[in-house]
Amino acid sequence: MRHLAIAMTAAVALCACGGQKTSEPAITAPEGYELVWHDEFNEGSTLSADWVHEVKPSGWVNHELQNYVDGEHNGKRVTEISDGKLKIHCFQEGDSIFSGRVYAHRTEGWLYGYFEASIKLPSGLGTWPAFWMMPVKGEGRWPVCGEIDIMEEVGFHPDYVHSTIHCEDYNHVKGTQRGENKLYPGAEGSFHTYACEWTPEQLQFFVDGEILFTFQNEGNGHSSWPYHYAFYPILNVAFGGDWGGQEGVDLRALPITMEVDYVRVFQKKS
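On a predicted model such as this, the values are computed, not experimentally measured, just so you know. (Residues numbered from 1 in each chain as written. Predicted model: local features only at pLDDT ≥ 70, side-chain atom pairs only at ≥ 80, totals over all residues. Heavy atoms only, no water.)

Quick look at the side chain of Gln 204 now. Structurally, Gln 204 can be placed in strand E18 (residues 202-207). The buried category is assigned to Gln 204, whose relative accessible area is 6%. Reaching out from Gln 204, the side chain makes a polar contact with the side chain of Thr 214 at a distance of 2.8 Å. (Helix = DSSP H or I, 4+ residues; strand = E, 2+ residues; numbered from the N terminus. Buried < 20%, exposed > 50% of the residue type's maximum accessible area, 1.4 Å probe, protein only. Polar contact = N/O pair within 3.5 Å; in protein donor to acceptor, adjacent residues only side chain to side chain.)

Structure, rendered in structure tokens:
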């Protein structure tokens, strides 16, 4: 498998919060790309205005058990920034479970690019962390609108990373979804880099620079390639549900935390 060539280095980049310049570690970009947005989670203790929280009750999608809340519940945070990381917590309080699901640039997103995040996954039966993308203004309801799953992992199949696409022709409801999965030892408990290169011709998914899955534009129109408008990145930790709870859940696993070192978006140089 080939690895993406790495070229440009930028020692000073725009801060994700407010657009002011700040000194940060050198950031490398894939060859032919430039950095257009990033969050290194080095500022403050909560997420910047570039992010929004989803707020939905348990059972909202996929029969998942967690309630998504806007930052905190009863003073306990589901998202926080500390030690240069975004930490998404999932915990139980009483008979309810609470967690975080956050969107970057929800109202504008990006059309094409290289999307990358460094993430440490939690462990435990029932866990279902993800780094994925949905359209800003998709055509039709899911799955017609399209979905790009850069990284998903479930606790009953530890360290197996999944990259998957969903659209009208290819989705899990029909059993026709397209994707791949592979064992990456240490995905639970250590940082790995998950990325997707999205062009008009294909979607290509990477783990630590190695290609995991490629989905080609077949040229058959929207039903198989709804990836022709802007999408936005999503980070979340689900618990239980149709897939995460497929082999049961262990409430003793809670609380759990997914840590994110950074999220970066690159687009091709003009």
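Let's pick the thread back up.
Evaluation of the coordinates by the stated rule reveals 20 aromatic pairs. Here Lys 56 stacks its cationic end above the ring of Trp 60, 5.0 Å away from the centre of that ring. Stacked on the ring of Tyr 262, the Lys or Arg Arg 264 has its end atom at 3.5 Å from the ring centre. (Phe/Tyr/Trp six-rings, centres within 6.5 Å; stacked < 30°, edge-to-face > 60°. Lys NZ or Arg CZ within 6 Å of the ring centre and 35° of its normal.)

Okay, the nonpolar core next. Counting 58 residues, the largest nonpolar core has Ile 119, Tyr 194, Leu 203, Tyr 227 and Leu 235 as the members making the most contacts within it. Of the residues forming this core, the biggest block, six residues, is contributed by strand E20 (residues 231-239). Those residues in contact with Tyr 227, other than ones at most four positions away along the chain, are Tyr 112, Gly 146, Glu 147, Ile 148, Ile 165, His 166, Cys 167, Trp 198, Leu 203 and Phe 215. Ranked by size, the runner-up nonpolar core spans eight residues in total, among them Ile 27, Tyr 33, Tyr 114 and Phe 206. (Core = buried A, V, L, I, M, F, W, Y, C linked by side-chain atoms within 4.5 Å. Contact = heavy atoms within 4.5 Å.)

Attention shifts here to the pairing of strand E17 (residues 191-198). Most of E17 sits out of view: six of its eight residues are buried. Across eight bridges, strand E12 (residues 113-120) lies against E17 in antiparallel orientation. By the bridge assignment, Ser 118 is partnered in E17 with Thr 193. Relative to E18, E17 runs antiparallel, the two sharing five bridges. Bridge pairing links Cys 196 to Phe 205 in E18. (Pairing = 2+ DSSP bridges.)

In this structure the tally under the stated criterion is nine salt bridges. One salt bridge connects Arg 264 with Glu 40, and the closest N-O pair in it is separated by 2.9 Å. Pair noted here: Arg 264 is in strand E21 (residues 256-268) and Glu 40 is in the loop between strand E3 (33-39) and strand E4 (51-53), with a separation of 224 residues, a long-range link. You can call Glu 40 buried: its relative accessible area is 7%. Salt-bridge contacts for Arg 252 lead to Asp 250; the nearest nitrogen and oxygen are separated by 3.0 Å. (Salt bridge = Lys/Arg side-chain N within 4 Å of Asp/Glu carboxyl O.)

What follows deals with the sheet that holds E20. The sheet built from seven strands is open, its strands ordered E4-E11-E20-E13-E14-E15-E16 with antiparallel pairing. Two strands close off the open sheet at either side, each with one partner strand: E4 and strand E16 (178-183). Going from strand to strand, the sheet's axes swing by 15° on average, the running direction of each strand aside. Pairing of strand E14 (residues 147-152) with strand E15 (residues 160-166) involves four bridges; the strand directions are antiparallel. Following the sheet pairing, Glu 152 is matched in E15 by His 162. (Axes fitted to C-alpha atoms, helices over the stretch in contact; angles between N-to-C directions.)

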